[in-house]
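So you can see what is in the structure, the chains are spelled out below.
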Amino acid sequence: MDVITTHLNADFDALASMIAAKKLYPDAHLVFPGSQERNLREFFLKSSLVSFPFERLRDIDLDAITRLILVDINIKGRLGPFDEVAQRDSVELHIYDHHPRTDQDYEGVVDIVEPVGATTTVLVEILRKKRVKITPEEATIMALGIYEDTGSLTFASTTTRDFDAVSYLLKKGAHLEIIPTFIAREMDAQQIQLLHDLLTSLKVRNIHGIPVATALATTDEYVGELALLVHKMMDMENLAALIVMVRMEERVILVARSRLPELDVSRIAEEFGGGGHQTAASASIRELTLVQVQERLMALLSKMVGERVNAGSIMSSPLMEISETGNIEAAAEMMTHFNINSIPVMDMNSKLTGIITRGVVERAILHGLGQSPIKEFMLTEFFTVSPGSSLEKVQEYIIEKRQRMLPVVDGDKVLGVITRTDLLEAMHDDLRRTQSFEDTSEEGDAPEGRVRHLGELLKEILDPRTLSLLKMAGKVADDSGDRAYFVGGLVRDLILRRRNLDVDLVVEGDAIAFARKLARRLKARIRSHRKFQTAVIIMPDGFKLDVASARAEYYASPGEYPMVERGSIKLDLYRRDFSINALAVRLNPEVFGQVVDYFNGLKDLKDKTIRILHNLSFVDDPTRIIRAVRFEQKFDFRIGRHTEYLMKGAIRRGYLRQAQGPRVLNEIMIILRGEGPIKALERMEELGILASLHPSLAFTGKIRTIFQQVEKINSWFGLLFLDEKADVGQIYFNALMMMKGAEDREQILELFHLTEHQKRDYRARWDKTSSTMKELARTDDKSLSWIARLLGEIELEDLLTIMSLTKREDTAKSISLYLSRLRYIERELGGQDLKEMGYQEGPVFRKIIQAVQDARVDGIVNSLEEEKKWVETHFPLKKGKNRE
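Residues numbered from 1 in each chain as written. Predicted model: local features only at pLDDT ≥ 70, side-chain atom pairs only at ≥ 80, totals over all residues. Heavy atoms only, no water.

## Here's the deal with the overall build of the protein
For step 1, the next point in the chain: What the protein contains, in helices and strands, is 39 helices and 28 strands.
For step 2, the next point in the chain: Each principal axis of the C-alpha atoms in the protein carries an extent, and together these give about 115 × 95 × 55 Å.
For step 3, the next point in the chain: Buried positions account for 54% of the 884 residues belonging to the protein.
For step 4, the next point in the chain: For the protein, long-range pairs separated by at least 24 residues make up 66% of all intrachain contacts whose partners lie at least 6 apart in sequence.
For step 5, the next point in the chain: Here the protein has roughly 41,700 Å² of accessible surface; of this, 48% comes from carbon and sulfur atoms. (Helix = DSSP H or I, 4+ residues; strand = E, 2+ residues; numbered from the N terminus. Buried < 20%, exposed > 50% of the residue type's maximum accessible area, 1.4 Å probe, protein only. Contact = heavy atoms within 4.5 Å. Areas by Shrake-Rupley, 256 points an atom, 1.4 Å probe, with all protein chains shown as cover.)

What follows is the structure, given as structure tokens:
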């Protein structure tokens, strides 16, 4: 028996979700697990809309349930008698919900949990996709569910998908004029008294600079619609965050609302066994008194509320510094290499004595003073701040006092610096926080707005193990006094909702020491590289975490490998290729999930734009030219206009030919191994990239035709459903090179700076492929064994290359036959069998065994006994030979 149910104290979203689920499971029974909210009870009494076959719980045989469909609920403990049913191994769970996942959730065979304003939205989308018919009556109830759970589409948890769902329901005949009748709630006498008590007890506390209001009350009887009273209080008192605790009927009801990114109320509710969203959550608490709940709440708020911006949170560290004994030219070189405008100056005891700025350095060099000591021209009167200094104090010194760089100190120790760019970013973020915040982006689209916190998205997208590893990394960093982040492609792909298993961690500190501590916690081992301050943590099952110290780098000349020095997370992100890859997410517990975006990578993700970070990016690393095209095609983005302008300039100047050859080849091979390489190569041809490497690499119509054939052949091979997978990139590359003359091939191999050993391997491979192709074309009468012997010596990728290049149907058929059947035919007869038959071990064994293999392939023999008889006939023993 199938049953559709929902949570205790069901609301309109629960009702609407049950009705929507009934459309997907027409044979299921609709059953509430217990009581409903007062508004819903009144709806059943007054409305003529409800004509659905709801059944009483007492009429259901719980033991007969084989499938339980849960809607608007995922957490254990809120299903009444159905909780026991849901935990049976024999019962199949199907779950549809919109509440964030917790550790107390059920796991379903079907498990659809989406970050939208109402569960009804999730089910309407499914019905729409399946083209299930919805009546005007059903559409009205579903719209009612969405309107109630989103506050008539005004709550912060509302998404564009909720609007789309309502729009679709309107098209299906939903009567919106009916909705206010049931959700415009009038308060009764009990609610008015409770509201008065709550307003009387209301207190606004300053927690780490964040105003959080709390209120508590006690009532002898159950009073419904507490969430309604909380919303009224927030509107009446203009509150940004409110947590209400009410003692009623032997339990404490906690309802929390927040409009602040620093306060995720779902985390508060989870601590009390409840749940919800970042902006709205609740819990029902039976084991604690009202006083105990309040005490625990205050402890949790102190721990969980994020701090307002201060100097320590926005400073750049570790420090880039210079000795006062250095000269002006050394300061100029450091500024150029690391693209900075001011440098703290330290004495021999590592004490801060001054600041040297780019303006002073440039004028000193203009006057021929490049060899003069820095201390003769440095700024010696300057302001400093402590890590706890407010943003307002930082603004005063940098804006009003016009100090370009502000050191952050703890006593005599310099912890970091704040630049004008750091301040502008912090001011922008602080302004944004006071207006609104967004936690996740819509599925399938580029992110909307400036996503600054990925807390819920991390829970939704990452598997539990990876999420746990990241949280543990943050705790280890906290214990070590470091800041830890995960960076790059994983951040980008999370926001784009793409799967990515590469976890790269960056630590503002000693990466190797950090990796050792984390590995001990994980019972894993590490490999480290002291020179580059990197480590790899290897889990017992082989899963790897890459760890690196935050570092800065500079290039001595175009295309060379970079010089690396320890730096801050900002400098570490600045060295990356494109803004969409220059994103980081904080891992330390208090700021877990916060996005670090110095270079507008989030905006470029939203705008679907590939943009470099500075004008010399393609000069520093010309392989980024190829990478820009790869990302453009992979994500269906576009290269920004200025970025494309700089690309073309770097191509004209021939920087790609100066790049490290193996890195250029690696970038090309990544494209060839990706999805749809032809589009990427056409774009590279449009930009002149391939011809700039070598004229014969131009992507001509003839090459395009061959690549289209490679695409078809690789698809055909995939349809054989074999365990084996071909390296399609190697097939494309083989086909390309075999279309070139010997001289062009040699020049291209030289271009990629391959070793002599690699060159010999490629030459031998292509020669063998070419001779095999000719041999197949030369021989008309081919036995199956002849085909098997000839092709058995060739690599899989080379066979598929021949199929792609050949115009002969018989050649393609021979390879197809070999790959699909002949190569799997094996003789049963072995050397031991020959010995038992009386044959002496020696060179003849190989001859006999090969002949038996040929006979088996040609279908002459089909069993071990037949193979033995065939050997006795074709390789008879000499008379008198002892067979024993």
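## Here's the deal with the packing of helix α24 (residues 623-635) against helix α25 (residues 641-652)
For step 1, the next point in the chain: Contact pair α24 / α25: the axes reach a minimum separation of 10 Å and the direction vectors enclose 140 degrees. Here α25 runs oblique to α24, going by the angle between their axes. Considering the relative orientation of α24 and α25, their crossing is left-handed. For the pair formed by α24 and α25, the contact residues are I625, A628 and V629 on the first element and M647, A650 and I651 on the second.
For step 2, the next point in the chain: Residue composition of the contact of α24 with α25, grouped by class: 6 nonpolar, no polar and no charged. (Axes fitted to C-alpha atoms, helices over the stretch in contact; angles between N-to-C directions. Parallel < 35°, antiparallel > 145°, perpendicular 65-115°, else oblique. Left-handed = near helix turned anticlockwise from the far one by under 90°. Nonpolar A, V, L, I, M, F, W, Y, C, P; charged D, E, K, R; others polar.)

## Quick notes on the packing of helix α30 (residues 701-718) against helix α31 (residues 728-738)
For step 1, the next point in the chain: Relative to each other, α30 and α31 sit at 150 degrees, their axes nearing to 10 Å. Classified by the interaxial angle, the pair formed by α30 and α31 is roughly antiparallel. Crossing hand, α30 versus α31: right-handed. For the pair formed by α30 and α31, the contact residues are I703, I706, F707, V710, E711 and N714 on the first element and V728, I731, Y732, A735 and L736 on the second.
For step 2, the next point in the chain: For the contact of α30 with α31, a count of residues per class yields 9 nonpolar, 1 polar and 1 charged.

## Some remarks on the environment of H753
For step 1, the next point in the chain: Tracing the backbone shows H753 in the loop between α32 (742-751) and α33 (756-778).
For step 2, the next point in the chain: A sequence separation of 88 residues divides H753 from L665, and the C-alpha atoms of the two residues are 9.2 Å apart.
For step 3, the next point in the chain: Other than its neighbours up to four places away in sequence, H753 contacts A659, G661 and P662.

## Here we look at a positive patch on the surface
For step 1, the next point in the chain: Together, R267, K303, K471 and K475 give the surface a local cluster of positive charge.
For step 2, the next point in the chain: Here R267 is to be found in helix α10 (residues 265-271). (Patch = residues over 30% accessible without salt bridge, like charges linked within 9 Å, V, L, I, M, F, W, Y side chains within 5 Å. Salt bridge = Lys/Arg side-chain N within 4 Å of Asp/Glu carboxyl O. Lys, Arg positive; Asp, Glu negative; His and termini not counted. Charge placed at Lys NZ, Arg CZ, Asp CG, Glu CD.)

## Structural notes on the pattern of salt bridges
For step 1, the next point in the chain: On inspection of all chains with the given rule, the structure shows 48 salt bridges.
For step 2, the next point in the chain: For R67, the salt bridge identified is with E92, shortest N-O distance 4.0 Å. Pair noted here: R67 is in strand β4 (residues 67-71) and E92 is in strand β5 (residues 92-97), with a separation of 25 residues, a long-range link.
For step 3, the next point in the chain: Owing to a relative accessible area of 23%, R67 belongs among the partly exposed residues under this scheme.
For step 4, the next point in the chain: Here R492 and D493 are joined by a salt bridge, their closest N and O atoms 2.9 Å apart.
For step 5, the next point in the chain: Its relative accessible area of 6% is what places R492 among the buried residues.
For step 6, the next point in the chain: Salt bridges linked by common partners bring D577, D621, R624, R627, R630, R663 and E667 together as one network.

## Some words on a negative patch on the surface
For step 1, the next point in the chain: Residues D220, E221, E249 and E250 make up a contiguous surface patch of negative charge.
For step 2, the next point in the chain: Taking relative accessible area as the criterion, E249 reaches 43% and is therefore assigned partly exposed.

## Description of the nonpolar core
For step 1, the next point in the chain: Of all hydrophobic cores here, the largest spans 116 residues; its most connected members are F486, L505, F514 and I689.
For step 2, the next point in the chain: The leading source of residues in this core is α31, at 8 residues.
For step 3, the next point in the chain: Every residue in contact with F486, bar those within four places of it in the chain, is listed here: L458, L470, V491, L494, D504, L505, L583, A584, V585 and L587.
For step 4, the next point in the chain: Grouped together as the second largest cluster of nonpolar side chains are 44 residues, A16, F32, A118 and L169 included. (Core = buried A, V, L, I, M, F, W, Y, C linked by side-chain atoms within 4.5 Å.)

## Some thoughts on the sheet that holds β5
For step 1, the next point in the chain: The parallel open sheet is built from 6 strands, whose spatial order is β3-β2-β1-β4-β5-β6. Two strands bound the open sheet, and with one partner strand each, they are β3 (54-55) and β6 (110-113).
For step 2, the next point in the chain: Bridge count between strand β2 (residues 29-31) and β3: 2 bridges; the pairing is parallel. Within β3, the residue paired with V31 across the bridge is E55.
For step 3, the next point in the chain: Most of the contacts of helix α1 (residues 12-24) go to β4, to which it runs at about 140 degrees, and overall it touches β1 (2-5), β2, β3, β4 and β5. (Pairing = 2+ DSSP bridges.)

## A short note on the pairing of β1
Sheet faces and side chains relate simply in a regular strand, where the side chains alternate between the two faces.
For step 1, the next point in the chain: Because side chains alternate across β1, one face comprises the buried residues D2 and I4, and the other comprises V3 and T5, equally buried.
For step 2, the next point in the chain: Taken together, the 4 bridges between β1 and β4 define a ladder with parallel strand orientation. Paired with V3 across the strands is L68, a residue of β4.
For step 3, the next point in the chain: In this structure, β1 lies alongside β2, joined through 2 bridges in parallel fashion. Within β2, the position partnered with V3 by the bridge is H29.
For step 4, the next point in the chain: Crossover connection from β1 via α1 to parallel β2: handedness right-handed. (Right-handed = clockwise from strand over helix to strand, strands pointing away.)

## Quick notes on the sheet that holds strand β7 (residues 203-207)
For step 1, the next point in the chain: With respect to topology, 6 strands assemble into an open sheet ordered β7-β8-β9-β10-β12-β11, the strand pairing being mixed. For this open sheet the edge positions go to β7 and β11 (275-276), each flanked by a neighbour on one side alone.
For step 2, the next point in the chain: Of the strands in this sheet, β7, β8 (210-218), β9 (241-248), β10 (251-258) and β12 (280-285) touch helix α11 (residues 290-304), which is tilted by about 160 degrees from β9.

## Considerations on the environment of T772
For step 1, the next point in the chain: In this fold, T772 is placed in helix α33.
For step 2, the next point in the chain: The exposure class of T772 is buried, given its relative accessible area of 2%.
For step 3, the next point in the chain: For the pair T772 and K740, spaced 32 residues apart in the sequence, the C-alpha separation amounts to 18 Å.
For step 4, the next point in the chain: If near-sequence neighbours (up to four positions away) are discounted, T772 is found in contact with L790, L791, I794 and I802.

## Quick look at the packing of aromatic side chains
For step 1, the next point in the chain: Taken as a whole, this structure holds 15 aromatic pairs when the rule is applied.
For step 2, the next point in the chain: Ring centres of F32 and F54 lie 5.0 Å apart, and the angle between their planes is 5 degrees; this geometry places the pair in the stacked category. With F32 in the loop between β2 and α2 (38-46) and F54 in strand β3, this pair connects stretches of sequence that are 22 residues apart.
For step 3, the next point in the chain: Using a relative accessible area of 22% as the deciding quantity, one classes F54 as partly exposed.
For step 4, the next point in the chain: A centroid spacing of 5.9 Å and a plane angle of 5 degrees characterise the contact between F631 and F635, whose relative ring orientation is stacked. (Phe/Tyr/Trp six-rings, centres within 6.5 Å; stacked < 30°, edge-to-face > 60°.)

## Looking at α11
For step 1, the next point in the chain: Taking 1.5 Å as the rise per residue, α11 with 15 residues should run 21 Å; its terminal C-alpha atoms sit 21 Å apart, in good agreement.
For step 2, the next point in the chain: L290, V293, L297, L300, L301 and M304 are the residues of α11 that are buried. Taken around the axis of α11, the buried residues stretch over an arc of 100 degrees, which confines them to a single face. Away from its buried face by more than 90 degrees, α11 exposes V291, E295, A299 and K303.
For step 3, the next point in the chain: The secondary structure elements touched by the buried residues of α11 are β7, β8, β9, β10, α10 and β12. (Expected span 1.5 Å × (residues − 1). Arc of directions from axis to C-beta.)

## Side note on unusual backbone geometry
For step 1, the next point in the chain: For N9, which is not a glycine, the phi torsion comes out positive at approximately 55 degrees.
For step 2, the next point in the chain: By the secondary structure assignment, N9 is in the loop between β1 and α1.
For step 3, the next point in the chain: According to the relative accessible area criterion, N9 is partly exposed, its value standing at 25%.
For step 4, the next point in the chain: A positive phi angle, near 60 degrees, is found at S350, a position not held by glycine.
For step 5, the next point in the chain: Counting through the fold element by element, S350 comes out in the loop between β14 (342-346) and β15 (352-357).
For step 6, the next point in the chain: Classification of S350 as partly exposed rests on a relative accessible area of 48%.

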